[in-house]
Amino acid sequence: MQKNNTVIISDKRNSSLANKISLDLDAQYRNAELRVFPDGESKIRLDNVAKRNCIIVHSTYPPTDQHLMQLFMIIYKCRGDGANDICVVSPYLAYTRQDKVFVDGEIVSINLVGRILESLGTTKLITIDSHSPNSLNYSFKTVDLTAIPSLASYVKKNITLNNPIVISPDEGGIERARKFAGIIDVNMLSLVKTRDRFTGDISISLSEQKTLKKRDALIVDDMISTGNSIIKATEILKKNNIGDVFVICTHALLVDDAKEKLFKAGVKEVISTNSIPNDFAKVDLGSLISNYFLDQ
Ligand code: R5P
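Starting afresh in each chain, residues are numbered from 1 along the sequence in its written order. pLDDT decides what is reported in this predicted model: residues at 70 or higher carry local features, side-chain atom pairs at 80 or more are listed and counted, and totals for whole chains, interfaces and linings draw on all residues regardless. Excluded from the side-chain calculations are hydrogens and water; all other atoms, namely the structure's heavy atoms, are used.

## Side note on the layout of surface pockets
- A cavity here means a set of 1 Å grid points, computed over protein atoms only, where a 1.4 Å probe fits but cannot escape. A pocket is an open set with protein on both sides within 12 Å along at least 5 of 7 lines, and lining residues have an atom within 4 Å of a point. Grid points are joined across faces, edges and corners, and a volume is the space filled by probe spheres set on the points. Volume-wise, the largest pocket comes out at about 960 Å³.
- Taken together, 35 residues line the largest pocket, and the ones lying closest to its centre are R97, H131, K193, R195 and R197.
- Of all the secondary-structure elements, those providing two or more residues to the lining of the largest pocket are β10 (188-195), β12 (217-224) and α6 (228-239).
- Each residue is assigned to one of three groups, with Ala, Val, Leu, Ile, Met, Phe, Trp, Tyr, Cys and Pro labelled nonpolar, Asp, Glu, Lys and Arg labelled charged, and all others, Gly among them, labelled polar. For the lining of the largest pocket, a count of residues per class yields 10 nonpolar, 12 polar and 13 charged.
- Approximately 260 Å³ is the volume found for the second largest pocket.
- Lining the second largest pocket are 13 residues, and of these T6, L25, I55, F293 and Q296 lie nearest its centre.
- Starting at the N terminus, helices and strands are each numbered in turn, a helix being any DSSP run of H or I of at least four residues and a strand any DSSP run of E of at least two. No other element matches strand β5 (residues 53-57), which puts three residues into the lining of the second largest pocket.
- Its residues assigned to classes, the lining of the second largest pocket shows seven nonpolar, four polar and two charged.

## A closer look at the sheet that holds strand β14 (residues 267-273)
- Sheet architecture is open: seven strands sit in the order β11-β10-β9-β12-β13-β14-β15, paired in mixed fashion. Two strands lie at the open edges of the sheet, namely β11 (202-206) and β15 (281-283), each paired on one side alone. Here the strands of the sheet are splayed against their neighbours by 30° on average, with no regard to which way each runs.
- With respect to the sheet, α6 is in contact with β9 (165-168), β10, β11, β12, β13 (245-252) and β14, its orientation differing from that of β11 by roughly 35°. DSSP bridges decide pairing: two strands pair if at least two such bridges lie between them. To obtain each axis, a line is fitted to C-alpha atoms, and for helices this fit is confined to the stretch in contact; angles are then taken between N-to-C directions over 0 to 180 degrees. Whether two residues touch is decided by their heavy atoms; if any such pair falls within 4.5 Å, the residues are in contact.

## A word on the site of the ligand
- Residues are counted as near a molecule or strand when any one of their heavy atoms sits within 4 Å of it. Taken together, the neighbourhood of the ligand is formed by 13 residues, with D221, D222, T226, G227 and S229 sitting nearest.
- Separating an oxygen atom of the ligand from a side-chain N or O atom of S229 is a distance of 2.6 Å.
- Burial of the ligand by the surrounding chains reaches 90%, relative to a free accessible area of 370 Å².
- Those molecules having more than half of their atoms within 2 Å of a cavity or pocket grid point set are described as sitting in that cavity or pocket. Comparing atom positions with the cavity grids shows the ligand to sit within the largest pocket.
- Of the residues assigned to the shell around the ligand, the class counts are two nonpolar, six polar and five charged. Pairing of N or O atoms within 3.5 Å defines a polar contact, subject to two protein rules: one partner must be a possible hydrogen donor and the other a possible acceptor, and residues neighboring in sequence count only if both atoms are side-chain atoms. Note on areas: Shrake-Rupley, 1.4 Å probe, and residue coverage restricted to the protein chains presented here.

## Focus on the sheet that holds strand β2 (residues 28-31)
- Taken together, the six strands give an open sheet; going across it, the order is β2-β1-β5-β6-β7-β8, and neighbouring strands pair in parallel fashion. One side of each edge strand has no neighbouring strand; the edge strands of this open sheet are β2 and β8 (141-145). Averaged over all neighbouring strand pairs, the angle between strand axes comes to 20°, with direction disregarded.
- Here strand β1 (residues 6-10) pairs with β5 via four bridges, running parallel. Opposite V7, over in β5, you have C54 as the bridge partner.
- In the packing of helix α1 (residues 15-25) onto the sheet, contacts are made with β1, β2 and β5, and the angle to β1 comes to roughly 170°.

## Some details on a positive patch on the surface
- Among the surface-exposed residues, R97, K100, R195 and R197 lie close enough to one another that they form a single positively charged patch.
- You can see R197 is positioned in the loop between β10 and β11. What makes a patch is a set of residues exposed beyond 30% relative accessible area and free of salt bridges, joined within 9 Å when like-charged and within 5 Å when nonpolar (Val, Leu, Ile, Met, Phe, Trp, Tyr). We define a salt bridge as a contact between a side-chain nitrogen of Lys or Arg and a carboxyl oxygen of Asp or Glu at a distance within 4 Å. Positive charge is attributed to Lys and Arg, negative charge to Asp and Glu, and no charge count is given to His or to the chain ends. One atom stands in for each charge, and that atom is NZ of Lys, CZ of Arg, CG of Asp or CD of Glu.

## Here we look at the nonpolar core
- As used here, the term nonpolar core means buried Ala, Val, Leu, Ile, Met, Phe, Trp, Tyr and Cys residues forming a set that is joined through side-chain atoms within 4.5 Å. Each residue is assigned to one of three classes by its accessible area relative to the maximum for its type, calculated with a 1.4 Å probe on protein chains only: buried under 20%, partly exposed between the two thresholds, exposed over 50%. Counting residues in each nonpolar core, the largest one holds 39 residues, and the members touching the most others are V166, F180, I248 and F293.
- Among all residues touching F180, those that are not within four sequence positions of it are I148, L151, A152, V155, V166, L218, V220 and I248.

## Examining the packing of aromatic side chains
- Classification of ring pairs rests on two measures: the distance between centres of Phe, Tyr or Trp rings, Trp counted by its six-membered ring, which must be within 6.5 Å, and the angle between planes, read as stacked under 30 degrees, edge-to-face over 60 and tilted in between. Applying the stated criterion to the full structure yields three aromatic pairs.
- Between Y292 and F293, the aromatic rings sit 5.3 Å apart at their centres with planes inclined by 75°, giving edge-to-face as the arrangement. Each member of the pair, Y292 as well as F293, carries the same accessibility label: buried.
- For the cation-ring pair, R197 lies above F102, with the distance from its terminal atom to the ring centre recorded as 3.9 Å. Whether a charge lies above a ring is judged from NZ of Lys or CZ of Arg, which has to be within 6 Å of the ring centre and within 35 degrees of the ring normal.

## Focus: the packing of helix α2 (residues 64-81) against helix α3 (residues 109-120)
- Remark: α2 packs on α3, axes separated minimally by 9 Å, with the N-to-C direction vectors making an angle of 20°. If you check the angle between α2 and α3, you find them roughly parallel. Counted together, L68, L71, F72, I75, Y76 and R79 of α2 and V113, I116, L117 and L120 of α3 form the full contact between these two elements.
- Its residues placed into classes, the contact of α2 with α3 shows nine nonpolar, no polar and one charged. Orientation categories follow fixed angle ranges, with anything under 35 degrees roughly parallel, anything over 145 roughly antiparallel, 65 to 115 roughly perpendicular, and all other angles oblique.

## Regarding unusual backbone geometry
- Looking along the chain, the bond that leaves P62 and enters P63 is cis, with omega of 0°.
- Mapping P63 onto the fold places it in the loop between β5 and α2.

Structure below.
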């Protein structure tokens with residue numbers, strides 16, 4: 001018999017994280033049955049959640065639009081049933097990189113995602129290491145948790161390093177990398193990344209001369225998608241005679257053949273969380289999310 005009125009909802013894909021949270025919170029777990037038709041449309045079925053406080057666990061990694069649509073369907077069902085509260089936990093929230101108009105004529109996609117969540121009656125959104133937490137500026141409460149301390153403590157416990165240095169692949173990630181470096185008590189260096197806003201091509205360079213010879217590098221980033229940022233960063237580090245290259249990220253999307261390309265470029269190991277199922281998911285986000293609720 002559960003002590004509270006909270007119900008944790010997820011589809012099968014997100015069930016391992018959702019089940020852990022439901023155990024920690026002593027809350028009932030509810031499966032949202034999802035089916036994808038051959039034409040790509042989704043259908044959901046969820047038992048009635050009238051008057052319940054709903055926590056929906058749903059990461060929106062690729063196929064991004066399909067997973068977002070499924071999230072919208074689950075919220076819509078909860079609201080239609082007359083749920084009390086609808087809190088969305090989306091460890092990886094898509095579209096946070098389009099947080100401004102970079103080229104005239106574009107839209108701020110993350111604002112659109114927020115508008116839809118808002119119109120469906122979402123009361124709170126929890127993300128983890130969102131690319132742009134400040135852009136989650138909606139009429140409902142948003143909370144961006146960070147997995148950086150958990151990733152740092154994994155590295156501290158499990159990896160032996162030679163005179164390590166923490167690297168941010170771009171200036172936007174400096175705070176994240178600095179936090180990581182502070183926890184494991186090593187120096188940090190930021191690379192400079194520039195992107196051609198029309199082609200998407202990136203180039204990465206060293207901002208300052210530092211002795212990198214034979215030092216092991218810990219590249220810290222929020223996400224790996226195509227792997228191109230990490231590959232370019234690794235190339236420049238290797239040119240400067242770096243030692244082993246370890247990559248630490250919260251969200252390992254690893255689209256297409258990113259994994260193979262990373263190792264081919266000389267990356268020794270990738271360490272990520274389980275916000276997205278992948279071969280390198282060494283850090284479980286369950287306790288981080290549960291502790292947030294237990295502290296409320
Ligand atoms: C961008 O600034 C992000 O922090 C990541 O560095 C980037 O999105 C990773 O994408 P990709 O792996 O495609 O280079």
